[in-house]
Amino acid sequence: MPEPRVVIVGGGHVGLTLALRLQRKMKPGEAKVTVIDTQPHMTYQPFLPEAAAGSLEPRHVVVPLREALRRCEVLTAQVSAIDHATQQLTATLGDGTVERFGYDILVVVPGSISRALPIPGLAEQGVGFKTIGEAIFLRNHVLSRLDIAASTTDERLRRRLLTFVFVGGGYAGIEAMAELESMARYAIRSYPQVSAGDMRWVLVEAMGRIMPEVSPPMSEYTRRRLEERSIEVKLNTTAKSFVDGHAVLSDGDEFDTDTVVWTAGVKPHPMLEDSDLPRDAKGRLECTAKLQVRGTHNVFSAGDCAAVPDLTSSDPDALCSPSAQHAVRQAKVLADNLLAMLRGGPLVNYKHKYAGSVAGLGLFQGAAEVYGIKLKGLPAWMLHRTYHLAKMPTASHKARILGDWLLELPFRRQVVALGELHDPRAEFVKAANTRGLPKPHGHAV
Ligand SMILES: Cc1cc2nc3c(=O)[nH]c(=O)nc-3n(C[C@H](O)[C@H](O)[C@H](O)COP(=O)(O)OP(=O)(O)OC[C@H]3O[C@@H](n4cnc5c(N)ncnc54)[C@H](O)[C@@H]3O)c2cc1C
């Protein structure tokens with residue numbers, strides 16, 4: 001009998017954890033595992049704020065799939081459709097060709113994307129905070145705003161350059177803003193023309209509090225800590241417009257800004273729209289507690305794109321929240337259930353009580369609430385680093401991250417904008433044109 005083909009769509013928190021466990025536990029010939037991801041790497045998203053702030057080297061917070069998954073087939077391609085009726089999926093490969101793949105068992109784990117709203121100017125001015133590219137961009141962007149502000153004599157432009165707006169006060173947004181503000185505050189030591197008071201950092205949150213993942217007292221503590229750093233936390237406030245970089249907020253405040261970071265939640269990946277699998281009102285795949293997609297026996301899902309019942313809640317309709325904490329634990333149960341299915345054994349339910357949150361708020365500052373225990377300041381920051389270091393996949397990545405942190409102690413952070421990264425051919429195009437050579441064409445600059 002040919003070995004069954006297991007296809008995993010998405011090599012993120014769920015996909016990588018699942019594939020690592022399968023390749024460790026599977027017997028030779030038991031199944032052929034293919035992981036398809038648009039990127040050749042998994043991104044450890046909880047470390048994105050530290051990568052943006054320069055505490056971590058960006059390459060160290062991504063795990064190359066081919067290196068980690070030596071017993072799996074890894075394909076860099078974008079899955080665009082799933083036709084479960086014929087057990088086929090459609091994917092676009094790197095060279096643009098479209099292929100159809102068959103499967104015996106399918107795992108659909110493409111995660112989520114930023115949930116943007118139709119606010120005028122947002123698409124033109126805003127940037128999300130979910131990918132390594134966005135983290136690198138924001139680091140260079142913030143530092144280059146300092147570079148330009150330090151040399152301009154135009155007061156209006158200077159105010160615009162030094163105004164940074166984040167929309168969305170969940171832990172991802174709070175961590176991203178706090179880390180970048182901490183980096184900018186550190187960087188201005190090298191800019192005699194810019195003082196901390198010249199910068200304006202504004203957090204816009206539609207709800208009455210930030211970080212809904214922790215209890216109200218911890219949320220209030222975090223807000224106070226941010227405000228002590230002169231970060232403006234605007235609660236019960238929404239963004240109305242960002243046309244031409246002019247921010248208009250619902251509390252009547254209006255100002256110009258060059259930086260709008262959108263961290264106001266996530267929605268399931270839109271690739272699920274082109275599938276015949278059942279989805280709930282929010283677009284998540286409807287799953288059972290065994291992580292099977294409802295109405296199927298050989299399709300599994302988990303993580304941000306899946307509606308998985310939360311069996312620890314007294315509310316029968318409660319679902320697991322989109323978090324790495326659930327994603328990684330679900331991946332382990334999913335791997336065991338998948339192996340049980342291949343071996344004809346019983347499948348088990350996923351049941352995990354959300355332990356709480358740990359958030360880094362910049363160097364030596366944090367807020368954490370785990371199993372009801374609240375930690376603040378340095379202990380919380382240390383717990384944040386220890387926890388995520390322990391969860392980071394592969395020993396070599398743990399070592400690299402630890403190395404980054406240790407090197408930071410004697411040498412401090414390196415704060416320099418590498419804006420050229422975003423337009424690498426500009427210099428050569430200029431040189432080629434000066435010499436009268438034909439303009440290069442082909443790749444977009
Ligand atoms: C800045 C930030 C900080 C965070 N901090 C924390 C934290 O401290 N604690 C916590 O618990 N959670 C945290 N999270 C949330 C956590 O990272 C997510 O819940 C988790 O990544 C979800 O895992 P996933 O596998 O479902 O999705 P992902 O990890 O996003 O993986 C999805 C994968 O699917 C791939 N993919 C997408 N579309 C396709 C396609 N069409 N074809 C092929 N592949 C595709 C993507 O490239 C990606 O690799 C944070 C998130 C962010 C953005």
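Residues numbered from 1 in each chain as written. Predicted model: local features only at pLDDT ≥ 70, side-chain atom pairs only at ≥ 80, totals over all residues. Heavy atoms only, no water.

A. Spatial organisation of the UniProt feature "domain: FAD/NAD(P)-binding" (unreviewed entry) in the protein chain. The UniProt entry lists residues 5–329 under the feature "domain: FAD/NAD(P)-binding" (unreviewed entry), expressed in the numbering used here. With 28% helix and 26% strand, the stretch residues 5–329 has end C-alpha atoms that lie 23 Å from each other. (UniProt positions renumbered as here; feature names shortened; annotations may be inferred. Helix = DSSP H or I, 4+ residues; strand = E, 2+ residues; numbered from the N terminus.)

B. Molecular detail of the pairing of strand E7 (residues 98–102). Bridge count between strand E6 (residues 88–93) and E7: five bridges; the pairing is antiparallel. Bridge pairing in E7 links Thr-90 to Arg-100. Remark: four residues form the turn of the hairpin made by E6 and E7, two consecutive strands paired antiparallel; Gly-96 in that turn has positive phi of roughly 95 degrees. (Pairing = 2+ DSSP bridges.)

C. Region of the structure containing the sheet that holds strand E12 (residues 200–204). The strand order across the open sheet built from five strands is E10-E17-E11-E12-E13, with neighbouring strands paired in parallel fashion. Of all the strands in the sheet, the pair left with one neighbour each is strand E10 (126–127) and strand E13 (231–234). Note: E12 against E13, four bridges, orientation parallel. From the neighbouring strand, Leu-203 faces E13, where its bridge partner is Val-233. Packed onto the sheet, helix H5 (residues 132–151) meets E10, strand E11 (163–167), E12 and strand E17 (259–262) and runs at close to 155 degrees relative to E17. (Contact = heavy atoms within 4.5 Å. Axes fitted to C-alpha atoms, helices over the stretch in contact; angles between N-to-C directions.)

D. Highlighting the sheet that holds strand E14 (residues 239–241). Spatially, three strands are ordered E14-E15-E16 in an open sheet, and the strand pairing comes out antiparallel. Two strands lie at the open edges of the sheet, namely E14 and strand E16 (254–256), each paired on one side alone. Strand-to-strand, the axes of this sheet are offset by a mean angle of 35 degrees, without reference to chain direction. As paired elements, E14 and strand E15 (residues 246–249) share two bridges and run antiparallel to each other. Considered in E15, the bridge of Ala-239 is made with Leu-249.

E. Representation of the domain arrangement of the protein chain. What the domain assignment lists for the protein chain is domain 1 (5–113 + 267–342) and domain 2 (116–264). Averaged C-alpha coordinates put domain 1 and domain 2 at centres separated by 32 Å. In this assembly, 18 residues from domain 1 lie in contact with 13 residues from domain 2. Summed over both sides, the interface between domain 1 and domain 2 buries roughly 1,200 Å², with carbon and sulfur atoms accounting for 65% of that surface. It is Leu-48, Pro-49 and Ala-52 that lose the most area in domain 1 upon contact with domain 2, and together they represent 42% of the buried surface on that side. In this structure, the connection of domain 1 to domain 2 is made through zero salt bridges. (Domains from an automatic or database assignment. Buried area = accessible area lost by both parts, 1.4 Å probe. Salt bridge = Lys/Arg side-chain N within 4 Å of Asp/Glu carboxyl O.)

F. Layout of the side chain of Gln-292. Position of Gln-292 relative to the elements: it lies in the loop between strand E19 (285–286) and strand E20 (299–301). With residues up to four places along the chain from it excluded, the contact list for Gln-292 reads Glu-286, Cys-287, His-297, Val-299, Phe-300, Met-341 and Leu-347.

G. The side chain of Arg-145, seen in detail. Note on placement: Arg-145 falls in helix H5. Sequence-distant contacts of Arg-145, defined by excluding residues within four places in its chain, comprise Leu-161, Phe-164, Asp-258 and Thr-259.

H. Quick look at the site of the ligand. Around the ligand, a shell composed of 31 residues is seen, among which Val-14, Asp-37, Gln-45, Val-79 and Asp-304 lie nearest. In this structure, an oxygen atom belonging to the ligand sits 3.5 Å away from a main-chain N or O atom of Pro-110. Contact between the ligand and His-388: an oxygen atom at 3.3 Å from a side-chain N or O atom of the residue. A total of 1,000 Å² of accessible area belongs to the ligand in isolation, and the protein chains cover 92% of it. Elements with a minimum of two residues in the shell around the ligand: helix H1 (13–25), strand E2 (32–37), strand E5 (73–83), helix H7 (171–187) and helix H9 (324–343). In terms of residue class, the shell around the ligand is built from 14 nonpolar, 13 polar and four charged. For the shell around the ligand, the two domains that each supply at least three residues are domain 1 (5–113 + 267–342) and domain 2 (116–264). (Near = heavy atom within 4 Å. Polar contact = N/O pair within 3.5 Å; in protein donor to acceptor, adjacent residues only side chain to side chain. Areas by Shrake-Rupley, 256 points an atom, 1.4 Å probe, with all protein chains shown as cover. Nonpolar A, V, L, I, M, F, W, Y, C, P; charged D, E, K, R; others polar.)

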